[in-house]
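As a plain string of letters, each chain reads:
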Amino acid sequence: MSDLSRIRCFSIVAHIDHGKSTLADRLIEVAGTVDQRQMRAQLLDSMDLEREHGITIKASAVRLPYLARDGQEYTLNLIDTPGHVDFSYEVSRALQACEGALLVVDAAQGVEAQTIANYHLALEQGLTILPVINKIDLPAADVPRRLEEIEEILSLPADDAVAISARAKINIDGLLEAIVRHLPPPTGDPDAPLRALIFDSKFDPYRGAVAYVRVVEGTLRARQNIRMMSTGKSFEIGELGVFTPAPTPIQSLGPGDVGYIIANIRTVADTRVGDTVTDAAQPAAEALPGYQPAKPMVFSGLYPVDSNDYHDLREALEKLQLNDAALSFEPETSAALGLGFRAGFLGLLHMQIVQERLEREFNIDLICTAASVIYQILTTDGELHEIHNPANLPDPQRIDQIEEPTVRATIMTPPDYVGPCLDLCQTRRGELLTLEYASPTRTMIVYKLPLAEILHDFFDVLKSRSRGYATLDYELDGSQVADLVKVDLMINGDKVDALSAILHRSVAQDRGRELCDRLRAILPRQQFEIRIQASIGAKILASARVSAFRKDVTAKCYGGDISRKRKLLEKQKEGKRRMKQIGSVEIPQEAFLAVLRSDETSPAGKR
Amino acid sequence: MSGLPWAVYLHVPFCVRRCHYCDFATAALSLHPAERTARVQRWHQAVQAELASSPPRPASSVFFGGGTPTTVPAAVLTGLLDQIRDHGGLLPDAEVTIEANPTTAEADLFGTLRAAGFNRLSLGVQSFDDRLLQALGRTHDVAQAVRAVDLARAAGFDNYSLDLMFALPGQSLADWQRALQRAVDLGPPHLSLYGLAVEAGTPLEQLVASGRVQLLDEDLAADMYEWALDWLPAQGWEAYEIASFARPGRRGQHNQVYWRNEEYRGFGPGAASYVARRRWTNLAASEAYAAAVLNGGDPVAEHEQRSLAEEQRETVYLGLRMRDGLEVARFEQRFGSPLDATFAAEWQRLQAKGWVERTPTHWRLTRQGVLLSNQVFLEFV
């Protein structure tokens, strides 16, 4: 058996863009396991979409052999974590698979909101945290100031902090030594009943679900019959392996080892993140702590522009679900949009990724309704209802009270922008919890905010009001009773259920006005006048009109170039096809998303 | 089909300068004179070669368009017309049109052109407001335009057409009404009226995008067009096509070939042809076109073979551009299938919207159908 004292399991956590992925690349390169041809930039990310969004959605794990200065060879297991608040549960499971974490702070930018959030996640898992100041080669780097911030804001002793530049390859060796010296080795009995934590899973179209595991106790062996403790389902391991970083089959994994299991598992629903793998014949008595089934927090209606694509959309969602256990969906019917699905997501980013993949990978023209949260409705008959879709809100007379989910949002900003940040939170119905001048350059603002108020553009507006300086992190934090009403939109007298929005009563009038104006800017003129109205129940809040277009003529013949003229007409026809016909009015896709956007960030508002 | 008449188009891609709104194939604007001459020569040789290699069919009409055809030497133009006449022949009553800018310099050529057999002039007057002409990037002013019309008539062009544009930036309805009145006062037998359109890749597109040019309100543009549709017929004009207006008996022949979806052959860069249900367009860049032809290659940039069904649909929506509309008997004679039944669903939808009407002999656009003609045509693409 391998000597546990020569294993280290650790993650890298950081605020976005502080250099986590570059550091991972560098550790892999310096530890010498990847030749240059294999080395792609940011090797741990795999999907195109992840690259575009600049984040890592799915964690990976790499085993690095490291010959330390004490002459011993160590096994370093680097476990990557997702970098977005939507995936905080996944982050926590990846951290659970570690004994230590590198907390990376940008030498120029300092401690930011996600630095704090990730630090707290790592603390909750009881990890030993090694501060790393990255990008020390930048002209604006200020290492002493960063060390102060770490001590003052995080109350984390910075004596062991390592200053490096991952990009310029400065002091990577020093960091590797510090990992060996300061992070604790794993413990665990190789002969105990097997308990291995699934901290990530991916779907491979040829091999099925691949579970990424950290063995805590006992031993995993090739061909072993295993059982998933949350579902009780059993599988025979087809391939057991480690990433070096190429997947490499191996005969067994003991405590402290990190690797993967392929076992002819057809869906990632059977390799749930946080679940415990045990031996089917001699199961452990208790699962590892902390498992939670994925809970969607944000919902959106997904409708095909062309109703003939409904079955394609269902198939596409089913395929996505194979590699995304957090995605849920059920059929939904809209009077305006026809047959579609109400899909649940972990958060906004997760939603955008799914929507983009449906359009890009499956070529489905999609109408996505504005994102909504879960409302708990107590009706006058004493019944409790969970509403995922604003259109389903009961009549106001039947509602006793409405509860909406809230978040605890942490904003880090330079002191100059405290005013604008507070102002934004106030207009979003926020309740100030703390305001702390954490360091001369960093003010920490903590607010309780309704989740619905930060769904659409909160982050964009925060960025624009703070000239890009403020950073945000949030966690779900209970719910509150609120005076909410449903605002409906009618187009030529027909209620368009997919445009309904749940808003606070105090802003309903103003937002109703905005919605009408925004729709007026978006709707193309048609052969007849279009009347747009916003209402609460029968009460009209605001209205707007789009006058009929009167002329659509192409005079010139293009010197007989009929083909060209026809292609222009075909393009015009294609544009019409991508719109949704509601009653006799054609509505472009963007109308459905524009609903809850504020004027500061909406394209319509900039017209 | 060889031996049957077709319409002939010849593209002269050269201009003194490019107008801000233009997206036609034009070339060699600001070159050194020697290089410019060399390019005109290469183009000339290539067009001669393309003409010579085409089937010798008689021309029912000829149209020299551009660019600005009158920027090349008159001898080149008359020589090309001679070649067309010698190669496939010219029907006795054939309309032979040439486009010209109404500048005095060009007007000097009118006598030569008329004597060589050109019998119709298309003058790009565009506007009767010097301020607007400048804004469009035109090279002439109003006084020159008026003088050019006089010179054209003096040279023996009793058949000529004026191009006018409306919906110009800063133009008012009254401006437009005055412009049209002035155009009519010059006594032309034919007018072509175009609303300014922003084409992709033109300087105008950039001017609009950057906010330096403000396009006219759509409703005002519609008012201008409708005013012309009402006023000109009241003055005895026939609004015989969406953009074309003629004194009785003076309709243009050449463009009607396009609208009837009949055969035509285009020579020169960017020229379009339609023969035996095949549509093709030549390479638009003059040098590339010339190189292809002179090296014995194919100057075609794009081509497509249309099916019988596609020919029928194109015949319908092109025919609807004409005020008389689409003659039912003529369609049935050409295709052997009933026009009403073949497009029963389309006619029904369009009639329900009030955009088309069936006369005893024709399908044609209503006034609203004329205004929304692209919407009508969408039914047939």
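Anything mentioned here points back to the structure above.
Given the structure is predicted, the values throughout are model-derived calculations rather than measurements.

Draft legend 1. Summary view of the overall build of chain B. When helices and strands are counted, chain B shows 17 helices and 15 strands. Split by element, the accessible area of chain B, about 15000 Å² in all, is 51% carbon and sulfur.

Draft legend 2. Representation of the packing of helix H3 (residues 88-96) of chain A against helix H4 (residues 113-124) of chain A. All names here are of chain A. Packing of H3 against H4 leaves a shortest axis separation of 9 Å and a crossing angle of 45 degrees. It follows that H3 is oblique to H4 by the angle criterion. The way H3 lies across H4 gives a crossing that is right-handed. Residues Ser88, Val91, Ser92 and Leu95 of H3 touch H4, and the partners they reach there are Asn118, Leu121 and Ala122. When its residues are assigned to classes, the contact of H3 with H4 shows 4 nonpolar, 3 polar and no charged.

Draft legend 3. Local environment of the environment of Ile150 of chain A. All names here are of chain A. Counting through the fold element by element, Ile150 comes out in helix H5 (residues 143-154). Overall, the relative accessible area of 0% leaves Ile150 in the buried class. Placed 40 residues apart in sequence, Ile150 and Gly110 show a C-alpha to C-alpha distance of 8.5 Å. Look past the residues within four positions of Ile150 in its chain and what remains in contact with it is Val105, Val111, Pro131, Ile133, Ser155, Leu156 and Ala158.

Draft legend 4. Highlighting the interface of chain B and chain A. Counting residues at the interface gives 40 residues for chain B and 28 residues for chain A. Buried area between chain B and chain A, both sides added, is near 3200 Å², and the carbon and sulfur share of it is 51%. Of all residues in chain B, Asn374, Leu378 and Val381 of chain B give up the largest surface area on contact with chain A, accounting jointly for 19% of the area buried on that side. There are 8 salt bridges connecting chain B and chain A. As a salt-bridge pair, Lys567 of chain A and Glu302 of chain B come within 3.0 Å of each other at their nearest N and O atoms. Between the two partners, chain B and chain A, sit 17 residue pairs in polar contact (both at pLDDT 80 or more). Within the residue set of the side of chain B that touches chain A, elements represented by two or more residues are strand E6 (190-195), helix H9 (218-234), helix H10 (254-259), strand E11 (278-282), strand E12 (300-305), helix H12 (308-319), helix H16 (367-371) and helix H17 (373-378) of chain B. Broken down by element, the side of chain B that touches chain A gets its largest block of residues, 7 residues, from H9 of chain B.

Draft legend 5. Highlighting empty space enclosed by the protein. All names here are of chain B. In total, this model carries 4 cavities of 30 Å³ or more according to the counting rule given. When its volume is computed, the largest cavity comes out at roughly 70 Å³. If you trace the largest cavity, you find it lined by Trp6, Val8, Leu51, Ser54, Pro55, Arg57, Ala59, Ile84, His87, Gly88, Gly89 and Phe267. At the level of secondary structure, the elements contributing two or more residues to the lining of the largest cavity comprise strand E1 (6-12) and helix H2 (74-87). Classifying every residue of the lining of the largest cavity by side-chain character gives 7 nonpolar, 4 polar and 1 charged.

Draft legend 6. A look at the sheet that holds strand E12 (residues 239-243) of chain A. Residue and element names in this part refer to chain A. Read across the open sheet, the 8 strands follow the order E11-E10-E16-E7-E8-E15-E12-E13; overall the sheet is antiparallel. Looking at which strands have only one partner, the edges of the open sheet turn out to be strand E11 (234-236) and strand E13 (247-249). With direction set aside, neighbouring strand axes in the sheet form an average angle of 40 degrees. Where strand E10 (residues 225-228) lies against E11, 3 bridges are found, and the strand directions are antiparallel. Considered in E11, the bridge of Ile226 is made with Phe235.

Draft legend 7. Summary view of the pattern of salt bridges. Residue and element names in this part refer to chain A. Evaluated as defined, the whole model comprises 67 salt bridges over all chains. For the salt bridge of Glu149 with Arg146, the shortest nitrogen-to-oxygen distance reads 3.0 Å. With Glu149 and Arg146 both in helix H5 and 3 residues apart, the pair spans about one turn of that helix. We classify Glu149 as buried; its relative accessible area is 1%.

Draft legend 8. Up close: the sheet that holds strand E4 (residues 100-106) of chain A. Residues and elements named next belong to chain A. The 6 strands are arranged E2-E3-E1-E4-E5-E6 in an open sheet whose pairing can be described as mixed. The outermost strands of the open sheet, each flanked by one partner alone, are strand E2 (61-67) and strand E6 (162-163). Relative to strand E3 (residues 73-79), E2 runs antiparallel, the two being bridged by 7 bridges. Each bridged residue has a counterpart across the sheet, and for Pro65 the counterpart in E3 is Thr75.

Draft legend 9. View of helix H1 (residues 20-30) of chain A. All names here are of chain A. Counting buried residues along H1, 10 of its 11 residues qualify, which places the element largely inside the surrounding structure. Among all positions in H1, only Lys20, Ser21, Thr22, Leu23, Ala24, Asp25, Arg26, Leu27, Ile28 and Glu29 are buried. Structurally, H1 contributes buried residues whose contacts are with strand E1 (7-14), E2, E3, E4 and helix H6 (172-182).

Draft legend 10. Representation of the nonpolar core. Trp43, Phe64, Leu191 and Leu193 of chain B are the most contacted members of the largest nonpolar core, which has 108 residues in total. Among the elements that line this core, the one with the most residues is H9 of chain B, at 7 residues. Beyond its immediate chain neighbours, meaning those up to four positions away, Trp43 of chain B contacts Leu10, His11, Val12, Pro13, Phe14, Val72, Val76, Leu80, Pro269, Ser286, Tyr289 and Ala290 of chain B. One finds Leu302, Ile377, Ile445 and Leu462 of chain A within the second-largest nonpolar core, a separate group that totals 50 residues.

Draft legend 11. Structural context of the packing of aromatic side chains. Under the criterion given, the structure shown has 21 aromatic pairs over all chains. Taken together, a centroid distance of 4.7 Å and an interplanar angle of 75 degrees make the contact between Tyr258 of chain B and Tyr264 of chain B edge-to-face. Take Tyr264 of chain B: its relative accessible area is 2%, and that puts it in the buried class. Taken together, the ring pairs in this structure connect Phe199, Tyr212, Phe243 and Tyr260 of chain A into an aromatic cluster. The ring of Phe157 of chain B has Arg114 of chain B lying over it, and the distance from NZ or CZ to the ring centre is 5.8 Å. Between Arg279 of chain B and the ring centre of Tyr274 of chain B, over which it is positioned, the NZ or CZ distance is 3.7 Å.

Calculation rules
- Residues numbered from 1 in each chain as written.
- Chains lettered and ligands numbered in written order.
- Predicted model: local features only at pLDDT ≥ 70, side-chain atom pairs only at ≥ 80, totals over all residues.
- Heavy atoms only, no water.
- Helix = DSSP H or I, 4+ residues; strand = E, 2+ residues; numbered from the N terminus.
- Areas by Shrake-Rupley, 256 points an atom, 1.4 Å probe, with all protein chains shown as cover.
- Axes fitted to C-alpha atoms, helices over the stretch in contact; angles between N-to-C directions.
- Parallel < 35°, antiparallel > 145°, perpendicular 65-115°, else oblique.
- Left-handed = near helix turned anticlockwise from the far one by under 90°.
- Contact = heavy atoms within 4.5 Å.
- Nonpolar A, V, L, I, M, F, W, Y, C, P; charged D, E, K, R; others polar.
- Buried < 20%, exposed > 50% of the residue type's maximum accessible area, 1.4 Å probe, protein only.
- Buried area = accessible area lost by both parts, 1.4 Å probe.
- Salt bridge = Lys/Arg side-chain N within 4 Å of Asp/Glu carboxyl O.
- Polar contact = N/O pair within 3.5 Å; in protein donor to acceptor, adjacent residues only side chain to side chain.
- 1 Å grid on protein atoms, 1.4 Å probe; cavity = no way out; pocket = protein on both sides within 12 Å on 5 of 7 lines; lining within 4 Å.
- Points joined across faces, edges and corners; volume = space filled by probe spheres on them.
- Pairing = 2+ DSSP bridges.
- Core = buried A, V, L, I, M, F, W, Y, C linked by side-chain atoms within 4.5 Å.
- Phe/Tyr/Trp six-rings, centres within 6.5 Å; stacked < 30°, edge-to-face > 60°.
- Lys NZ or Arg CZ within 6 Å of the ring centre and 35° of its normal.

Treat this as a map of the structure, not an account of what it does.
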